[in-house]
Amino acid sequence: MFLWLVFGTTISPLIFQLVAETNGRESAEFINAFAFSKGAFITYISVILLTAFIVFIEKKWKKIKEKEWLQKRYTTAILGCLSAFLLLTGLYNTKLYYTLYKCQTYTDLEKWLTKNLPFPMDSFTSIVYSIHAFNATNNKIKIAANLAKDTYRQPVTDEVNDSINIIYILGESFIKSHASLYGYKLKTTPFMDAEQKKGNLVAFSDVVAPFNLTTLVEKNTFCCNSLSDGEEWYQTPYFPILFKKAGYQVTMWDIQRDFSKYALFTFSVNSFIYNKEIKKYAYSYTSDKSFLYDGDLVDDFFKSKASRLEKKNLLIFHLLGQHISASDRYPHTKYFSKFSYKDINRDESYMTKDKKQEIAEYDNATLYNDYVIKKIAERYADKTTVMIYFSDHGEEIYDYRDSKGRKNAGSSGVTHNLVKYQYEVPFVIWFSTPFMEKYPNLVKSIRESKDKPFMTDNVCQILFHIVGMKTKWYKADRDLISPHYVPKKRMIAGVDYDKYVKNR
Ligand SMILES: [Zn+2]
């Protein structure tokens, strides 16, 4: 009740993390700030009233017990049966806690949650769940934080002698086939199209995401692990740490930092990438502000002192892109409301005017996403800059069935189309003209690699290659733009992507 009235939240793993991370001084500040608030007083009064009520009933119990109707045989029989029934079903349902106890990974927990809807649960269950989820995720984060410390102690250097900017943009829910860059008939990516034409942008044709969940993609793309080689994210360092150690100014502007803040998915990734230790070793600057649109996030970065360039810079942006509902992802100005249902030529039996409008809004969000990428790239176009943009995963917007978002296939299981729309992603490398002049060989190897098969968990290897990072975590066989690159089996959604979708 206190959490709900004061913070507008229920019991969640984040609450336990906050408690665990709090020290004495913070507790004192907390008590001063909230213990005497209106919501807190309502809670105290409610507890007092409830206690008084129980005491009152207990005092009266003797009299209630003597009531004649309660003494009758059939009432006793009915009450007895009812109690036995409740006791047995109650015992049976404790299996809920056993199945929870068995969940040791994020994926298991997520599955457990979906299986045991409705959510939020009763207070007792949600306390048990929150403590367990906190402990289960925390162990891995502890391993990751220790590794971060070790990594930062070791010397790391790169081969860049001059100034350089590396821009790393993680997009969101971008359906590859809705980009004009990849052949969509509506002009949704005018900036990227033009840059490709000019020769400043390479669009990779065969890239997939390892998962269709943002947080799992984040952990596995920001760490140096390779899923095809059986490595877990927390066993390898968070790659921005290596850049910071090599002398780069590392900035992280992440619009999803407070997106569904109390949900398990945000909790699990934030407790990792904003862990106190990791933050210290990984970033020079981060922002914890909230933004409505991706463009606002970029504006905020440009205004902050973090945008003052050092000699070497790694600029990380995490966008909301085309996340459902796409209509909320772009300002509805005339320019960005370019497409409407009239532009969508589709005639499947499930298609309606409203659904066509939703598709058009998704395309508008894609157009806005292209504008945001342009906004970032243009700012650094006259400097030695290279930019990687890719989406965390794909999405569906009535593309081949009457469904939007990332619903799984249900009874029909995983299908070709599901894998294609939800896991294939746009993946581009853009370079400024000064970069092209300075590093013609790099540009050449990037161009030559554009059609090789790749999964985004190994994206950091490309960055290491570009700057010539000298670290044991660089592995040429996982580096898409290296001549030694070896494509590996891409297992996604439980199927071998190349066999299942590409028939290779
Ligand atoms: Zn996502």
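In this report, we go over the structure that sits alongside the text. Model, not experiment: these values are computed from the prediction.

How each quantity is defined
Residues numbered from 1 in each chain as written. Predicted model: local features only at pLDDT ≥ 70, side-chain atom pairs only at ≥ 80, totals over all residues. Heavy atoms only, no water. Helix = DSSP H or I, 4+ residues; strand = E, 2+ residues; numbered from the N terminus. Buried < 20%, exposed > 50% of the residue type's maximum accessible area, 1.4 Å probe, protein only. Contact = heavy atoms within 4.5 Å. Areas by Shrake-Rupley, 256 points an atom, 1.4 Å probe, with all protein chains shown as cover. Pairing = 2+ DSSP bridges. Phe/Tyr/Trp six-rings, centres within 6.5 Å; stacked < 30°, edge-to-face > 60°. Lys NZ or Arg CZ within 6 Å of the ring centre and 35° of its normal. Arc of directions from axis to C-beta. Donors = N, O, S within 2.8 Å, 3.2 Å for Na, K, Ca; no water. Axes fitted to C-alpha atoms, helices over the stretch in contact; angles between N-to-C directions. Parallel < 35°, antiparallel > 145°, perpendicular 65-115°, else oblique. Left-handed = near helix turned anticlockwise from the far one by under 90°. Nonpolar A, V, L, I, M, F, W, Y, C, P; charged D, E, K, R; others polar. Patch = residues over 30% accessible without salt bridge, like charges linked within 9 Å, V, L, I, M, F, W, Y side chains within 5 Å. Salt bridge = Lys/Arg side-chain N within 4 Å of Asp/Glu carboxyl O. Polar contact = N/O pair within 3.5 Å; in protein donor to acceptor, adjacent residues only side chain to side chain. Core = buried A, V, L, I, M, F, W, Y, C linked by side-chain atoms within 4.5 Å.

## Some details on the overall build of the chain
At step 1: A tally of regular secondary structure across the chain gives 21 helices and 13 strands.
At step 2: Taking the principal axes of the C-alpha coordinates as reference, the chain spans close to 95 × 60 × 45 Å.
At step 3: Counting only residues that meet the buried cut, the chain has 50% of its 504 residues in that class.
At step 4: Within the chain, residue pairs in contact and separated by at least 24 positions form 76% of the contacts whose partners lie at least 6 positions apart.
At step 5: A total accessible area of about 24800 Å² is found for the chain, and carbon and sulfur atoms account for 58% of it.

## Some points on the pairing of strand β7 (residues 385-391)
At step 1: The element β7 is extensively covered by neighbouring structure, given that seven of its seven residues are classed as buried.
At step 2: Residues of β7 alternate between two faces, with Thr385, Met387, Tyr389 and Ser391 on one and Val386, Ile388 and Phe390 on the opposite face, all of them buried.
At step 3: Strand direction decides the pairing type here: strand β1 (residues 164-171) and β7, joined by seven bridges, are parallel. Following the sheet pairing, Asn165 is matched in β7 by Thr385.
At step 4: Both β7 and strand β10 (residues 427-431) contribute to a ladder of five bridges, which runs antiparallel. Pairing of Met387 across the sheet is with Trp430, part of β10.

## Focus on the packing of aromatic side chains
At step 1: One pass over the full model with this rule turns up 34 aromatic pairs.
At step 2: It is Arg379 that lies over the ring of Phe302; its NZ or CZ is 4.1 Å from the centre.

## Focus: helix α8 (residues 106-115)
At step 1: By the burial criterion, the buried members of α8 are Tyr106, Leu109, Trp112 and Leu113. Along the axis of α8, the buried positions cluster into a sector of 125 degrees, meaning they face one direction only. Those residues of α8 that are exposed and aimed more than 90 degrees away from the buried face are Lys111, Thr114 and Lys115.
At step 2: Residues of α8 that are buried in the fold lie against α7 (95-102), α9 (123-153), α11 (214-222) and α13 (264-273).

## Topic: the coordination of the zinc ion
Reference values for coordination geometry: four tetrahedral donors around a metal ideally subtend 109.5 degrees, six octahedral donors ideally subtend 90 or 180 degrees.
At step 1: The protein atoms that coordinate the zinc ion are Glu172 (OE), Glu172 (OE), Thr214 (OG1), Asp392 (OD) and His393 (NE2), at distances of 1.9 to 2.6 Å.
At step 2: In primary sequence terms, the donor set of the zinc ion follows E-x41-T-x177-D-H. Placement of the pair is Glu172 in the loop between β1 and α10 (190-198) and His393 in the loop between β7 and β8 (396-397), with a sequence separation of 221 residues. A single burial state applies to Glu172 and to His393, both of which are buried.

## Details of helix α20 (residues 459-467)
At step 1: Here α20 lies mainly inside the structure; eight of its nine residues are buried.
At step 2: Residues of α20 that are buried include every one of Val459, Cys460, Gln461, Ile462, Leu463, Phe464, Ile466 and Val467, and no others.
At step 3: Looking at the residues trailing α20, positive phi occurs at Gly468, about 65 degrees.

## What about the pairing of strand β2 (residues 201-204)?
At step 1: The alternating pattern of β2 places Leu201 and Ala203 and Val202 and Phe204 on opposite faces, both of which are buried.
At step 2: The sheet contact formed by β2 and β10 spans four bridges and is antiparallel. Paired with Leu201 across the strands is Trp430, a residue of β10.

## Quick look at the sheet that holds β1
Picture the strands of a sheet paired through backbone hydrogen bonds; they go either parallel or antiparallel.
At step 1: With respect to topology, seven strands assemble into an open sheet ordered β2-β10-β7-β1-β6-β4-β5, the strand pairing being mixed. Each edge of the sheet is formed by a strand with only one pairing partner; in this case those strands are β2 and β5 (285-286).
At step 2: In the packing of α11 onto the sheet, contacts are made with β1, β4 (249-254), β6 (312-318) and β7, and the angle to β1 comes to roughly 155 degrees.

## Brief notes about the packing of α7 against α9
Packed helices, taken two at a time, are described by their axes: the angle between them and the distance between them.
At step 1: At a minimum axis distance of 10 Å, the contact between α7 and α9 shows a crossing angle of 15 degrees. With respect to their mutual orientation, α7 and α9 come out roughly parallel. The crossing of α7 and α9 is right-handed. Within the contact between the two elements, α7 uses Leu96, Tyr97, Leu100 and Tyr101 and α9 uses Phe124, Thr125, Val128, Tyr129 and His132.
At step 2: Of the residues assigned to the contact of α7 with α9, the class counts are seven nonpolar, two polar and no charged.

## Re a nonpolar patch on the surface
At step 1: Nonpolar side chains collect at one region of the surface, where Phe7, Phe30, Ile31, Phe36, Phe41, Tyr44, Ile45, Ile48, Leu49 and Tyr262 lie side by side and expose about 990 Å² of accessible area between them.
At step 2: Taken together, the elements giving at least two residues each to the nonpolar patch come down to α3 (24-34) and α4 (38-65).
At step 3: Element by element, the count of residues in the nonpolar patch is highest for α4, at five residues.
At step 4: Topologically, Ile45 is positioned in helix α4.

## Focus: the side chain of Thr221
At step 1: Turning to its location among the elements, Thr221 is positioned in helix α11.
At step 2: Accessibility expressed as a relative area gives 0% for Thr221, which makes it buried.
At step 3: Here the side chain of Thr221 touches Val217 through a polar contact of 2.7 Å, landing on its backbone oxygen.
At step 4: When residues no more than four places from it in sequence are discounted, the contact partners of Thr221 are Tyr168, Phe239, Phe390, Thr456, Asp457 and Val459.

## A closer look at the nonpolar core
At step 1: Counting 62 residues, the largest nonpolar core has Ile166, Tyr238, Phe239, Phe243, Tyr248 and Phe427 as its most contacted members.
At step 2: Counting residues per element, this core draws most heavily on α20, which supplies seven residues.
At step 3: Excluding anything up to four places from it in sequence, Ile166 contacts Phe243, Tyr248, Asn313, Leu314, Leu315, Val386, Leu463, Ile466 and Val467.
At step 4: Formed by 49 residues, the second largest nonpolar core is a distinct cluster that contains Ile167, Tyr330, Tyr380 and Tyr389.

## Considerations on the pattern of salt bridges
At step 1: The full count for this structure, using the stated rule, is 27 salt bridges.
At step 2: Here Lys488 and Asp229 are joined by a salt bridge, their closest N and O atoms 3.1 Å apart. Of the two residues, Lys488 sits in the loop between α20 and β12 (491-492) while Asp229 sits in the loop between α11 and α12 (239-245), which places them 259 residues apart along the sequence.
At step 3: Taking relative accessible area as the criterion, Lys488 reaches 27% and is therefore assigned partly exposed.
At step 4: For Asp229, a relative accessible area of 35% puts it in the partly exposed group.
At step 5: The closest approach of N and O atoms between Asp477 and Lys488, which form a salt bridge, is 3.0 Å.

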